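A closer look at the structure
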Amino acid sequence: MSRATLNRVLLGLCGVLLLAGVGLLLGLRPHGQPVLTEAQRTRWRHESWWWAALLAAGWVLFVIGLMWLWTQLSPGRAGRVRLPLREHRRVQLHGRALADALRAEAARIPGVARARVRVLGTARTPRARFLLALDPGADPGAVLDRLAAGPIAHAHTTTGRPLPAEARLTLLAHPSTRVT
Amino acid sequence: MRSRAWSQRRTASGIAALLLAAGSGAVLWEEIKVKAGDGADRWRTKVTDELAHRHLDDAWVLAGCGVVALFGAWLLLMAVTPGLRHRHLMRTDEGLTATLDRRGAREALRDTARGVPGVVSSKVRFGRRRATVHAVIGYGDTEGVRQDLERKLAARRERLRLARPPFVTAKVSVPK
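Below is a short write-up of the structure. All chains use their own residue numbering, which begins from 1 and follows the written sequence. As a convention, the first chain written is A and the first ligand written is 1, with the rest following in written order. Local features in this predicted model are restricted to residues of pLDDT 70 or higher, and side-chain atom pairs are both shown and tallied only at a pLDDT of 80 or more, whereas totals for entire chains, interfaces and linings draw on every residue. Remark: hydrogens and water are excluded; side-chain values derive from all non-hydrogen atoms of the structure.

1. Observations regarding the overall build of chain B
Filter applied, for reference: Put simply, DSSP H or I for four residues or longer makes a helix, DSSP E for two residues or longer makes a strand, and each gets a number counted from the N terminus. Only C-alpha atoms enter the radius of gyration, while the globule expectation follows 2.2 Å times N to the 0.38, with N the number of residues. Between buried and exposed lies partly exposed: a residue is buried under 20% and exposed over 50% of the maximum accessible area for its type, with that area taken using a 1.4 Å probe on protein chains only. In this description, contact between two residues means that some pair of their heavy atoms is separated by no more than 4.5 Å. For accessible areas, the Shrake-Rupley method is used with a probe of radius 1.4 Å. Any residue's cover is judged against the shown protein chains and nothing else. Within this scheme the basic residues Lys and Arg register as positive and the acidic residues Asp and Glu register as negative, but His and the chain ends are omitted. Charge positions are represented by NZ for Lys, CZ for Arg, CG for Asp and CD for Glu.
If you tally the helices and strands in chain B, you get five helices and five strands. Each helix and strand of chain B, ordered N terminal to C terminal, gives the series α-α-α-β-β-α-β-β-α-β. Taking 2.2 N^0.38 as the reference for a compact globule, 176 residues should give roughly 16 Å; the C-alpha atoms of chain B span a radius of gyration of 28 Å, well beyond that estimate. Projected onto its principal axes, the C-alpha positions of chain B cover 90 × 45 × 20 Å. Per-residue burial for chain B yields a buried fraction of 39% across its 176 residues. At a minimum sequence separation of 6, the contacts of chain B that also span at least 24 residues come to 59%. For chain B, the exposed surface amounts to about 10000 Å²; the carbon and sulfur share of it is 58%. The centroid of the 33 positive side-chain charges in chain B is displaced by 9 Å from the centroid of its 18 negative side-chain charges.

2. Re a positive patch on the surface
All names here are of chain A. What counts, and what does not: Two distance rules govern patches: like charges are joined within 9 Å, and nonpolar side chains (Val, Leu, Ile, Met, Phe, Trp, Tyr) within 5 Å, applied only to residues with over 30% relative accessible area and no salt bridge. Here, a salt bridge means any side-chain nitrogen of Lys or Arg that lies within 4 Å of a carboxyl oxygen of Asp or Glu.
Taken together, the side chains of Arg77, Arg96, Arg116 and Arg118 make up a positively charged region of the molecular surface. Looking at the secondary structure, you find Arg116 in strand β3 (residues 112-121). Here Arg116 falls in the exposed class, since its relative accessible area comes to 55%.

3. A short note on unusual backbone geometry
Residue and element names in this part refer to chain B. Its identity as a non-glycine residue notwithstanding, Arg9 has a phi of 60°, on the positive side. Residue position: Arg9 is located in the segment before α1 (10-35). Arg9 gets classed as buried once you look at its relative accessible area, which sits at 12%. The backbone phi angle of Leu84 is positive, close to 50°, even though this residue is not glycine. If you trace the backbone, Leu84 turns up in the loop between α3 (59-80) and β1 (87-89).

4. Brief notes about the sheet that holds strand β4 (residues 130-137) of chain B
Residue and element names in this part refer to chain B. Under the convention used in this document: Pairing between two strands requires that DSSP report at least two bridges joining them. Note on geometry: axes are C-alpha line fits, over the in-contact stretch for helices, and angles between N-to-C directions span 0 to 180 degrees.
Here we have three strands laid out as an open sheet, ordered β3-β4-β5, and mixed in their pairing. Edge positions in the sheet fall to β3 (119-126) and β5 (167-173), since each of these pairs with one other strand and no more. This sheet shows a mean twist of 20° between the axes of neighbouring strands, independent of strand direction. Across seven bridges, the pairing between β4 and β5 is parallel. When the sheet's bridge partners are listed, Ala135 is paired in β5 with Val172. The strands touched by helix α4 (residues 102-114) within the sheet are β3, β4 and β5, with β3 carrying the most contacts at an inclination of about 155°.

Honestly, it's all geometry; don't read function into it.
What follows is the structure, given as structure tokens:
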């Protein structure tokens, strides 16, 4: 499951649980009662499973929270990219080397003023992210065609596997902007 | 085909995950301490005390519920909306996802308007559904310049290759 899907599922779950909790607390209980009555607080205190259940729930939520947090923090850059076996030898490419090659080629596309590239994902499932700043007159559509036919296609031939890519484009402002 | 780019929602998830880990971690810590025979921390006693004495129609309880409900609603909103409102998804082939940011799209239309003979200045408002180009015509036949502007804007809009291109309107004015 991708990070986007995971995040949205967990966010939705948290949102629904919080809203439902507030709704249950305010909607179902008589308003004169304390938030947590003595009877509710001590109901299962002497059951042997109560403490274990509380502890287990605490651990599970704690671990889920940490892992979820960890997923957000990791930059997700691929350190290495694994190439298909060549003569039964394992060949690996530094993610940064691949990114540099992609960047150099992307920067040569007509209309591209600046290019930044990152190779993300894992060694077996790498993907590329291009940040491209285009000259004011450039055609984003044409640049995309050349990006697909150039760097992305070449990476496919070199590494032997398709390289899914994301491109974020912007157009730079004209240097000699007329004052409006 | 999708028409919007979808955000990964890293910030909202980070906040929610941090609160979840901190909250459950604190409760867990307390449970273990109490079970090990140490006394409960002051905050724990205080919270339990407050929960036992404050009634459901107490202002603080209602305010707390309001904050929690708002946070829950925000999380739900983050979960179901695409986000990335300033980035326009482009039409691409399989394996490539591309977006053009709003500033860039605005710049493209402004650049086009400026290239039309007769237009001396222009201002562009670029939205998700529509873009409006306000052009000031300095010389030439007003109607002819307007038609030229519209034609060039329409062509440029196509070449931006947006998945859902906004409707482009040209408004011209002649300074008196």
